[in-house]
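Notes for the structure review
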Amino acid sequence: MATQSPFSLAAGLLGQLGSGLQPPAWIVDELQQRLVLLLNHVLMQEPQAQARLVRHKGRSVRMQWRGFTLPFVATPAGLLDVQAGTSKPDLLLTVTEESPLALVQTVLGGERPAVRVEGDVQLAADVNWLVDHLRWDIEEDLSRVIGDAPAHALARAARDAAQALQQFVRGRPRPPADKAPA
């Protein structure tokens with residue numbers, strides 16, 4: 001008698017739930033604006049990243065996964081802004097993994113998800129450089145609010161928890177690509 005894994009059952013439920021629910025437009029807009037603020041905060045700490053984006057001022061990048069999209073445009077200051085409208089982007093990045101559970105496993109496992117790239121090659125190369133080299137120093141930002149020692153302790157605890165979670169995820173088998181829930 002064959003039994004079904006609770007992980008495959010959860011993956012199926014998440015896949016069905018994610019495909020049927022769409023958040024209200026105002027929530028999507030707010031989340032996009034908040035993400036832009038965070039990305040710009042990180043970009044402002046790295047002048048070389050801003051210099052790379054200045055070369056692409058006015059160019060647009062749309063990242064998408066399933067029904068979710070993040071349309072960005074590079075500003076003359078070397079930062080990002082949410083792109084208004086639905087015009088064709090200069091660079092389209094589509095995450096090809098359809099299963100939310102498999103996507104989370106990939107990211108938590110320390111790997112990049114598979115992405116289909118369409119559009120401007122130089123813009124794609126600079127976006128790839130940004131992904132490879134930009135890191136948010138959350139410990140530094142926390143230390144400005146709560147002090148150095150508590151920020152260091154919190155960051156260490158978060159790193160330990162993340163490492164334990166990655167080890168746990170790496171120990172879980174991934175669903176085969178042909179049987180992954182859609």
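Everything discussed here concerns the structure shown above.
The sections below set out a description of the structure shown in this document. (Residues numbered from 1 in each chain as written. Predicted model: local features only at pLDDT ≥ 70, side-chain atom pairs only at ≥ 80, totals over all residues. Heavy atoms only, no water.)

Moving on, we come to the sheet that holds strand β3 (residues 80-82). Here five strands make up an open sheet; going across it, the order is β3-β2-β1-β4-β5 and the pairing mixed. Pairing within the sheet leaves two strands with one partner each, and these edge strands are β3 and β5 (115-119). The average angle at which neighbouring strand axes cross in this sheet is 25°, direction not considered. Relative to β3, strand β2 (residues 68-74) runs antiparallel, the two being bridged by three bridges. Paired with Val73 across the two strands is Asp81, which belongs to β3. This element, helix α2 (residues 25-44), spans β2 and β3 of the sheet and lies at about 175° to β3. (Pairing = 2+ DSSP bridges. Helix = DSSP H or I, 4+ residues; strand = E, 2+ residues; numbered from the N terminus. Axes fitted to C-alpha atoms, helices over the stretch in contact; angles between N-to-C directions. Contact = heavy atoms within 4.5 Å.)

Before going further, it helps to spend a moment on the layout of surface pockets. Of the volumes computed, that of the largest pocket is approximately 1,500 Å³. Leu39, Met63, Leu93, Val127 and Val131 are the residues nearest the centre of the largest pocket, which is lined by 37 residues in total. Residue composition of the lining of the largest pocket, grouped by class: 29 nonpolar, four polar and four charged. Size it by volume and the second largest pocket reaches roughly 270 Å³. Lining the second largest pocket are Arg135, Trp136, Ile138, Glu139, Leu142, Leu154, Ala155, Ala158 and Arg159. Broken down by secondary-structure element, the contributors of at least two residues to the lining of the second largest pocket are α6 (138-146) and α7 (148-171). Tallying contributions element by element places α7 first for the lining of the second largest pocket, with four residues. By residue class, the composition of the lining of the second largest pocket is six nonpolar, no polar and three charged. (1 Å grid on protein atoms, 1.4 Å probe; cavity = no way out; pocket = protein on both sides within 12 Å on 5 of 7 lines; lining within 4 Å. Points joined across faces, edges and corners; volume = space filled by probe spheres on them. Nonpolar A, V, L, I, M, F, W, Y, C, P; charged D, E, K, R; others polar.)

Worth remembering: the numbers are spatial, not functional.
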